[in-house]
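# Chain and residue survey
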Amino acid sequence: MSAATALTDAAARYRRLIDAELAERRDEGPEWLCALRREAASRFTAVGLPTSRDEAWRYTPLQGLLDRAITGTGVDAGEPGWVDVGELLLQQTRVCRLTFIDGRFAPHLSQLIPLGAGSRAGSLREALREGPRDRLPAVEEPDAFAAMNTALFEDGAHVHIAAEQHVPVAIELLFIASDRADTMHHPRNRLMLDAGASATVIERYAGLGDSQHFTNAVTDVTLGPGARLVHLRVQEDGAAASHLGSVRVRQEGDSRYDGFVASVGGAWSRCEHRVEFTAPGARFAIDGLYLAGDHQLVDHHLDIRHAVPGCASRENFKGLLHGAGRAVFDGRIVVEKDAQKTDAALNNANLLLSRNAEVDTKPQLEIWADDVKCSHGAAVGQLDPTQLFYLRARGIPEEQAREMLCLGFAQEVLDACPVAELRARLEARVMARVGASC
Amino acid sequence: MLSIKNLHAAVEGKEILRGLDLEVKAGEVHAIMGPNGSGKSTLAHVLAGREGYEITGGSVTYAGEDLVRLAPEERAQAGVFLAFQYPVELPGVNNSVFLRTALNAIRKARGEPELDAVSFLRRMREKLALVDMREDLLKRSVNAGFSGGEKKRNEIFQMALLEPRLAILDETDSGLDIDALRIVAGGVNALRSPERAMILVTHYQRLLDYIEPDFVHVLAGGRLVRSGDRTLALELEEKGYGWLTGEAA
């Protein structure tokens, strides 16, 4: 079967799944939402699945994902309890936690804390049932997977922080895939911070087993004037999982988004950030770390659009690759004609620990304004033998020296993770991964 | 303690050391001087076990053992220490984590218990004073963003902490102003002891004004062409290397 036929085939298969799910959920939610879902289903077919001819998907083969026999969203099985998820929970960090199992809100595994007058963190599904439709942003879905998410999302978090409110605890959105095989989940999150509000949101994805589930998540973020969001997104899915995550950020004047991304799990994973500024003075910053070893592909995709003057964006991603790990980094910053005084810096560095590891990195700047400060860089390297010798000459065994240098490489990004407990978890992950491959 | 016999060594196929002989006993300080390109740094790196330095003949015996057969970390664990001419920057590797890992690796190899955080910190503070080093340098990445003088002080500080039996100081004076040189030399002098031997590799006599060697050797053309006491260094200062390198050629 040719690649094109396989793609058409997969698209038709997914469409049948979407239609079957929609028929089953006919009576769920308000009528406008049902209509929106049907529109999204049509949009899915109209846009079509991406091919390697799409620039944004050039280095990211979809084959592995599409060949899977996804059977549906997998509802109504025995739900996991505290015991099953205990290992995933943060113990020392006080959080307002929303837990979702296979995309569905699990109140019995959540821990809701009142956030203050007019603010809310809860299930999106409930929010949409009772609230106005603007709780979902009106966007024409740009790609098939986002359209599929709109058509099928089961639930997700709805976080709304009222103007000038500062949430003192982190809000954790914990998405856990159970060990049911061949299911797909479509978490949909909506984060809204009104003018001058501030909050920390931790979005985490993890798997309980090594099931071949496919997560297709979308998170929409809107920051009002002067609002500040610290947003951590950590993907530590099971070894056989596929994960596609899309974060869409819309920032008003003088707002700040400080992001941290870690992608360490899954067989196939891709994380996209699309950012728009609507007024001057907004600032977007993100640090990212990814690990890939045997049978792993990890992709990060950034699309930062400066259309108004005086905004800043800074992106710094580091990748650690071992075994036959594969990574893709595709970062694109567009500075439009009117976006004078833009300050943008994009960096990607990769450390390859084996000859079989492979990375495609493509940082791009597209500048149409003439008074801007922009830079971009990419690096791919191996462990420095001089550094290795220095450590060994101090009595540190070679394997341990390699681990120290790998952790050192990742540390710059890890230091940007503002939640100490999560940082320690990730450090342990890095050590375990490089320890096994050094 | 160290016995080098007819040592030949090559870097990238080019023979740099051509029949070097040296005997170093515990408690002695030897200075090895020589013009640029004579093989001084090659000798230092060969002793520390750097990859890419191929020994093509002769032998190096340290404390009765064949040093050449040991990996760099095994040499360090056995008490060999090289103070680097160009200390390496390790971004992201915390200085105090690095020092504690090194010290505990060496202690473990000697069959001593690992130091806990508190006793380690106490010991570090004690040694910091020796080289007048600020404690905040310990919280930073190893050598990253350190000034030239801070890097060299960090080397001597590591030496103080790791307490080697044989210390090789490769051009420790290079790039130091006079105040920094005094501090570094003061640290080295404080570490002189009857159980410890030192080899100072240097181009200039200047360092020897602050650290008095027991023996001075001139390395030229890959061999030690002249040995003497510290008056030899003064003679070199006056006459330059020409009169000796001429003999070697």
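Here is a short report on the structure shown in this document. It should be emphasised that the depicted structure is a prediction, and the values quoted were computed from it without experimental measurement.

## Concerning the overall build of chain B
Along chain B, the regular secondary structure elements total 9 helices and 12 strands. In summary, chain B has a C-alpha radius of gyration of 18 Å against a globular reference of 18 Å for 249 residues, a match within 12%. Each of the three principal axes of chain B carries a C-alpha extent, and together these read 55 × 40 × 35 Å. Taking the intrachain contacts of chain B between residues at least 6 apart in sequence as the baseline, contacts between residues at least 24 apart amount to 72%.

## Notes on the overall build of chain A
The helix and strand inventory of chain A stands at 9 helices and 20 strands. Taken over C-alpha atoms, the radius of gyration comes to 21 Å for chain A, in line with the 22 Å a tight globule of 438 residues would show. In terms of overall dimensions, chain A has C-alpha extents of about 70 × 50 × 50 Å along its principal axes. When the 438 residues of chain A are sorted by exposure, 48% land in the buried category.

## Details of the interface of chain B and chain A
On the chain A side, the residues contacting the 21 residues of chain B number 19 residues. Those elements that place two or more of their residues in the side of chain B that touches chain A are α2 (72-77), β7 (90-94), α3 (95-109) and α5 (148-162) of chain B. For the side of chain B that touches chain A, the element with the highest residue contribution is α3 of chain B, accounting for 5 residues. A class-by-class count of the residues in the side of chain B that touches chain A yields 14 nonpolar, 4 polar and 3 charged.

## Things to note about helix α8 (residues 231-239) of chain B
All names here are of chain B. Among the residues of α8, those classed as buried are Leu232, Ala233 and Leu236. When α8 is viewed along its axis, its buried side chains cluster within an angular range of 100° and face the same direction. Pointing more than 90 degrees away from the buried face of α8 are the exposed residues Thr231 and Glu238. On its buried face, α8 is in contact with β3 (29-33), α7 (206-210), β11 (215-220) and β12 (223-228). Looking one or two residues past α8, Gly240 carries a phi angle of roughly 80°, positive in sign.

## Looking at unusual backbone geometry
Residues and elements named next belong to chain A. One non-glycine residue, Asp254, adopts positive backbone phi at about 60°. Tracing the sequence through the fold places Asp254 in the loop between β11 (242-251) and β12 (256-263). What makes Asp254 buried here is the crowd of 20 C-beta atoms within 10 Å. The phi torsion at Lys341 lies on the positive side, around 60°, for a residue other than glycine.

## Some points on the environment of Ala307 of chain A
Residues and elements named next belong to chain A. When you line up the elements, Ala307 lands in the loop between β15 (297-306) and β16 (312-321). Ala307 sits 24 residues away from Arg283 along the chain, and the two C-alpha atoms are 13 Å apart. With sequence-adjacent residues up to four places away left out, Ala307 is seen in contact with Phe277, Glu336, Asp338 and Ala339.

Thresholds applied
Residues numbered from 1 in each chain as written. Chains lettered and ligands numbered in written order. Predicted model: local features only at pLDDT ≥ 70, side-chain atom pairs only at ≥ 80, totals over all residues. Helix = DSSP H or I, 4+ residues; strand = E, 2+ residues; numbered from the N terminus. Rg over C-alpha atoms; globule rule 2.2 N^0.38 Å. Contact = placed C-beta atoms within 7 Å. Buried ≥ 20, exposed ≤ 12 C-beta atoms within 10 Å, placed from the backbone. Nonpolar A, V, L, I, M, F, W, Y, C, P; charged D, E, K, R; others polar. Arc of directions from axis to C-beta.

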